[in-house]
Amino acid sequence: MPTLYVVGTPIGNLQDMTPRAIDTLRRVALIAAEDTRVTKKLLTVFDIDTPLTACHQHNEDTKGTYLADKMLSDNIDIALTTDAGTPCISDPGYALVKACVDRGIEVLAIPGCCASISALSVSGFDTREFFGSTQCGNLSMSGMFGSTVFVLAKVAAPSGMYVSAMVDHTST
């Protein structure tokens, strides 16, 4: 049975790439990458020559289904990567993961860096009351950014949001 590996990649420092992630990227038949140009640079540093295919926000609905079906028909393992961080966390990947889960394909996480947890661990905040992370999606697109920040400010535990620098949040 094929496996989809959701592989975390470094956030700014290539030395954060884990040996397990490197081994996984070498062993799979194909890497589904958010941006093949960015992932190719990472693969070059670690001398990995696994073929790449693009799986990004503009094609992931159809590509996710296609790749899951290909995994079953060809009995191949695929790794899913993003430009930096963990796929599906404020990045593409959900459609492929969902298509695999729906088809009974095993999906395994290969952990990497997690910016929010790393920041929390060195913040000095009382993490004994940290309840986890809430992913709110693209709040600027939904017009909910301001109201969500207001609600989170009232939470009596550490909280955080991933916010795109590419979006104007002043109007939300």
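What you are looking at is a predicted structure, and each value in this text was computed from that prediction instead of being measured.

Asks: Can you walk me through helix H2 (residues 36-45) in this structure?
Replies: Because each turn of an α-helix spans 3.6 residues, side chains separated by three or four positions in sequence point in the same direction. Along H2, the residues classified as buried are Thr-39, Leu-42 and Leu-43. Buried residues of H2, seen end-on, are gathered within an arc of 100 degrees and therefore sit on one face of the element. Facing away from the buried side of H2 by over 90 degrees, the exposed positions are Arg-37, Lys-41 and Thr-44. Turning to H2, the residues buried within the fold contact helix H1 (19-27), strand E2 (30-33), strand E3 (52-54) and strand E4 (78-81). With its phi angle positive at about 55 degrees, Asp-47 sits one or two positions after the end of H2.

Asks: I'm lost on the state of the cysteines in this one. Help?
Replies: A covalent bond between the sulfur atoms of two cysteines is referred to as a disulfide. Summed over all chains, the structure comprises zero disulfides. Cys-88 supplies the cysteine sulfur nearest to Cys-55, a cysteine that is in no disulfide, at a spacing of 9.0 Å. What makes Cys-55 buried here is its relative accessible area of 1%. Looking at Cys-100, it has no disulfide partner, and the nearest cysteine sulfur is the one in Cys-55, 9.7 Å off.

Asks: Got a minute to help me understand the environment of Val-7 in this structure?
Replies: Assignment of secondary structure puts Val-7 in strand E1 (residues 3-7). Overall, the relative accessible area of 0% leaves Val-7 in the buried class. On a C-alpha basis, the gap between Val-7 and Met-17 in space is 10.0 Å, while along the polypeptide they are ten residues apart.

Asks: How do you make sense of the side chain of Thr-53 when you look at a structure like this?
Replies: By the secondary structure assignment, Thr-53 is in strand E3. Judged by its relative accessible area of 14%, Thr-53 falls in the buried class. The residues contacting Thr-53, other than those within four sequence positions of it, are Leu-30, Ile-31, Ala-32, Ala-33, Thr-36, Lys-63 and Leu-67.

Asks: Is there a simple way to explain the pattern of salt bridges in this structure?
Replies: Oppositely charged side chains can pair when the atoms bearing their charge come close. As enumerated under the stated definition, the model contains five salt bridges in all. Linking Asp-23 and Arg-27 is a salt bridge whose minimum nitrogen-to-oxygen distance equals 2.9 Å. Placement of the pair is Asp-23 and Arg-27 together in helix H1, with a separation of four residues, close to one helical turn. Classification of Asp-23 by relative accessible area gives partly exposed; the value is 39%. Its salt-bridge partner being Arg-37, residue Asp-35 comes within 2.9 Å of it at the nearest N-O pair.

Each value, and the rule that gives it
- Residues numbered from 1 in each chain as written.
- Predicted model: local features only at pLDDT ≥ 70, side-chain atom pairs only at ≥ 80, totals over all residues.
- Heavy atoms only, no water.
- Buried < 20%, exposed > 50% of the residue type's maximum accessible area, 1.4 Å probe, protein only.
- Helix = DSSP H or I, 4+ residues; strand = E, 2+ residues; numbered from the N terminus.
- Arc of directions from axis to C-beta.
- Contact = heavy atoms within 4.5 Å.
- Disulfide = S-S within 2.5 Å.
- Salt bridge = Lys/Arg side-chain N within 4 Å of Asp/Glu carboxyl O.

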